[in-house]
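# Notes for the structure review
Each chain, written out:
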Amino acid sequence: AAEKTNDKNNSPLVSRWQKMIATYLETQCHVISLLGYQPNEHGISLYTQQLTESLRLASPDVQDQLRVAGRDTYRMGLSAAF
């Protein structure tokens, strides 16, 4: 699988996947730091835990809106990378 290439820039699929994940994590660290969290693994973990708790308490409509927004954002990243 690592030897297969994608027509987009003719780069190996694994390399493109790794770059997409690195960009995703860098962006996430940047965004959470603006919210007052540490821009590292601990900050991402704490943010995720607190977001999960907030979502648990949110109305079903808000939960669905955020689920759809997250899904669409992830799809946009994937389509740009691949």
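Residues numbered from 1 in each chain as written. Predicted model: local features only at pLDDT ≥ 70, side-chain atom pairs only at ≥ 80, totals over all residues. Heavy atoms only, no water.

## What about helix α1 (residues 13-34)?
In this model, α1 (22 residues) spans 32 Å end to end at C-alpha, consistent with the 32 Å of a helix rising 1.5 Å per residue. Within the sequence span of α1, burial applies to R16, M20, Q28, C29 and I32. The secondary structure elements touched by the buried residues of α1 are α2 (41-57) and α3 (60-81). Note on α1: the residue one or two positions beyond its end, G36, has a positive phi of about 100 degrees. (Helix = DSSP H or I, 4+ residues; strand = E, 2+ residues; numbered from the N terminus. Expected span 1.5 Å × (residues − 1). Buried < 20%, exposed > 50% of the residue type's maximum accessible area, 1.4 Å probe, protein only. Contact = heavy atoms within 4.5 Å.)

## Points about the pattern of salt bridges
For the coordinates displayed, the defined rule picks out three salt bridges. The salt bridge partner of D64 is R67, with a shortest N-O separation of 2.7 Å. Here D64 pairs with R67, and both are found in helix α3, just three residues apart, close to one helical turn. Judged by its relative accessible area of 48%, R67 is partly exposed. (Salt bridge = Lys/Arg side-chain N within 4 Å of Asp/Glu carboxyl O.)

## Describing α2
Compared with an ideal rise of 1.5 Å per residue, which puts 17 residues at 24 Å, α2 spans 25 Å between its outermost C-alpha atoms and is within 8% of the ideal. In this structure N40 caps α2, since a side-chain oxygen of it lies 3.1 Å from the backbone nitrogen of H42. (Polar contact = N/O pair within 3.5 Å; in protein donor to acceptor, adjacent residues only side chain to side chain.)

## A closer look at the packing of α1 against α2
As a packed pair, α1 and α2 sit with axes 10 Å apart at the nearest point and diverge in direction by 70 degrees. One element, α1, and the other, α2, form an angle in the roughly perpendicular class. Residues L25, Q28, C29 and I32 of α1 lie in contact with α2, whose contacting residues are G43, I44 and Y47. (Axes fitted to C-alpha atoms, helices over the stretch in contact; angles between N-to-C directions. Parallel < 35°, antiparallel > 145°, perpendicular 65-115°, else oblique.)

## Some words on a nonpolar patch on the surface
On the surface, a cluster of nonpolar side chains totalling about 400 Å² of accessible area is made up of W17, Y24, L25 and Y74. Per element, the largest residue contribution to the nonpolar patch is three residues, and it comes from α1. For W17, the location among the structural elements is in helix α1. By relative accessible area, W17 is classed as partly exposed at 38%. (Patch = residues over 30% accessible without salt bridge, like charges linked within 9 Å, V, L, I, M, F, W, Y side chains within 5 Å. Areas by Shrake-Rupley, 256 points an atom, 1.4 Å probe, with all protein chains shown as cover.)

## Digging into the confidence of the model for the chain
Residues with a pLDDT of 70 or more make up 88% of the chain, whose mean pLDDT is 86. Confidence, expressed as mean pLDDT per element, reaches its minimum in the chain at α3 with 88 and its maximum at α2 with 94. The model gives residues 1-6 a pLDDT under 50, and that stretch makes eleven contacts with residues more than four places away or in other chains. (pLDDT = per-residue confidence, 0-100.)

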